Amino acid sequence: METTPVRRESIGLMIMTITEGRWTGPIWDTHLHLDPNGRGVSAAKDFANAGGTHLCLVHKPGFPSNLPESINAVKQAYIGTLEMANAVRREVGIDVRVILGPHPVVWEKQIHTLGLEKSSQLHIDSVALALEYCAEGQAVALGEVGRPHYPVSDEIWDAANEQLEVVMHMAAQADIPIQLHVEDNGAQTNAELAAICDRSGLMRKRAVHHYATANVGESFTHGLSSSVSMGKDSLSTIMETYRHCSSTWTMETDYLDDLSRPGAVLGPKTVPKRTQALVSNLLGTIDAEQTEDLLHHVQSIWPSALYGEIDP
Ligand SMILES: [Zn+2]
């Protein structure tokens, strides 16, 4: 397809452009895990070789058997994630933003081993520690926090929701965005989360629904931001809903870097691939300038607003 190259000066000195139907600006995967016992840096290389430029490296909880039982153990685990980020920066040369936090599933599992009180205290202490790393500039967001994605007792469910409100309040006070791991109950889940945001003082936009479905329309998201899981079918839903978005959305794989489950999740090349596919879909329906404008938001303005400006 013939397209006119469009250029625009933007954040910093970076020039955004679509040339010959391809996006040549930044490409963010806003939720990916790397494991020192998995592919680690080489998975990040795949992302970079496919055209990826920015990664949100999300702390990986030690499922199933390596769960930290003290705040000191949590700290060691966080340091492991920070070291992985440094290794990727050094060896791959891409921009890595770290997201630290205690996983809600770890909290739920540890209720049955440590008890509710101890597990909850460890969870809140781990949030506070993650926010310290954010304050120091070593991490940019809190996550993944949220609530169990599977059925639990009423008592645990109520505790999870009360705790999430506290966690959101802590994030709001620190002015730090959060990535949410939650159950998949469609718009109902988002409506409930939006209500907890409002009670806690956290702006809905600063609460990012991770592993979000591709419906980015306001009536579905209730104003939460989405980190959209970019599976094969995501593009058609994005094409149907992006005009109705009132918040922000970005793209993710939730790559797990688990050698025992290859193919269980999206691979590290997925977001660069889908980004280019989105461009060609858009160019079939809107002009190059409008396409560039949307890409500019998804791959630069919105992730920068959440996770920090892009270095020129
Ligand atoms: Zn994840």
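Residues numbered from 1 in each chain as written. Predicted model: local features only at pLDDT ≥ 70, side-chain atom pairs only at ≥ 80, totals over all residues. Heavy atoms only, no water.

### Structural notes on the state of the cysteines
- Scanning the entire structure with this criterion turns up zero disulfides.
- Counting only cysteine sulfurs, Cys134 is the nearest neighbor of Cys56, a cysteine outside any disulfide, at a range of 11 Å.
- Not part of a disulfide, Cys197 finds its nearest cysteine sulfur in Cys245, a span of 15 Å. (Disulfide = S-S within 2.5 Å.)

### Concerning the coordination of the zinc ion
- Within the protein, the zinc ion binds to His31 (NE2), His33 (NE2), Glu144 (OE) and Asp254 (OD); these donor distances fall in the range 2.1 to 2.4 Å.
- Here the zinc ion is ringed by four donor atoms whose angles at the metal span 84 to 176°, and the overall shape comes out irregular.
- Going along the chain, you hit the donors of the zinc ion in the pattern H-x1-H-x110-E-x109-D. With His33 in the loop between β4 (28-32) and α1 (41-49) and Asp254 in the loop between β11 (249-252) and α9 (270-283), this residue pair connects regions lying 221 residues apart in the sequence. Comparing His33 with Asp254, the two get one shared label, buried. (Donors = N, O, S within 2.8 Å, 3.2 Å for Na, K, Ca; no water. Tetrahedral: all angles 85-135°; square planar, octahedral: opposite > 155°, others 65-115°. Helix = DSSP H or I, 4+ residues; strand = E, 2+ residues; numbered from the N terminus. Buried < 20%, exposed > 50% of the residue type's maximum accessible area, 1.4 Å probe, protein only.)

### Brief notes about the pattern of salt bridges
- Counted according to the given criterion, the structure contains ten salt bridges.
- A salt bridge links Arg97 to Asp95, with the shortest nitrogen-to-oxygen separation between them at 2.7 Å. The pair Arg97 / Asp95 is uniform in exposure class, with both members buried.
- Among the salt bridges present, the one from Glu183 reaches Arg147, with a minimum N-O distance of 2.6 Å. (Salt bridge = Lys/Arg side-chain N within 4 Å of Asp/Glu carboxyl O.)

### Remarks on the sheet that holds strand β5 (residues 54-58)
- On the basis of which strands lie adjacent, the open sheet formed by eight strands has the order β4-β5-β6-β7-β8-β9-β10-β11 and parallel pairing. Each edge of the open sheet carries a strand with a single partner, namely β4 and β11. Across the sheet, the mean angle separating the axes of adjacent strands is 25° when strand polarity is ignored.
- One ladder, built from three bridges, connects strand β7 (residues 141-146) with strand β8 (residues 178-181); its direction is parallel. Paired with Gly146 across the two strands is His181, which belongs to β8.
- The strands that helix α2 (residues 71-92) touches are β5 and β6 (95-100); relative to β6, the one it contacts most, it runs at about 170°. (Pairing = 2+ DSSP bridges. Axes fitted to C-alpha atoms, helices over the stretch in contact; angles between N-to-C directions. Contact = heavy atoms within 4.5 Å.)

### So, unusual backbone geometry
- Put simply, Gly143 and Glu144 share a cis peptide bond, and its omega is -5°.
- Within the secondary structure, Glu144 is located in strand β7.
- In this model, Glu20 sits at a positive phi of 50°, which is unusual for a non-glycine residue.
- Position of Glu20 among the secondary structure elements: in the loop between β2 (15-19) and β3 (22-23).

### A closer look at the side chain of His210
- Tracing the backbone through its elements, the reader meets His210 in strand β9 (residues 207-212).
- On the basis of relative accessible area, His210 is assigned to the buried category, the value being 4%.
- A polar side-chain atom of His210 sits 3.3 Å from a polar atom in the side chain of His31. (Polar contact = N/O pair within 3.5 Å; in protein donor to acceptor, adjacent residues only side chain to side chain.)

### Things to note about the environment of Trp249
- Its place among the elements puts Trp249 in strand β11.
- With relative accessibility at 0%, the residue Trp249 sits in the buried group.
- Spatially, the C-alpha atoms of Trp249 and Thr30 are 9.8 Å apart, while their sequence positions differ by 219 residues.
- In this structure Trp249 touches Val216, Ser226, Val228, Ile238, Tyr242, Leu278, Leu294, Val298 and Trp302, once residues within four positions along its chain are discounted.

### Re a negative patch on the surface
- Judged by side-chain charge, Asp154, Glu155, Asp158 and Glu162 come together as a negatively charged surface patch.
- By the element assignment, Glu155 lies in helix α5 (residues 154-174).
- Overall, Glu155 belongs to the exposed group, its relative accessible area being 59%. (Patch = residues over 30% accessible without salt bridge, like charges linked within 9 Å, V, L, I, M, F, W, Y side chains within 5 Å. Areas by Shrake-Rupley, 256 points an atom, 1.4 Å probe, with all protein chains shown as cover. Lys, Arg positive; Asp, Glu negative; His and termini not counted. Charge placed at Lys NZ, Arg CZ, Asp CG, Glu CD.)

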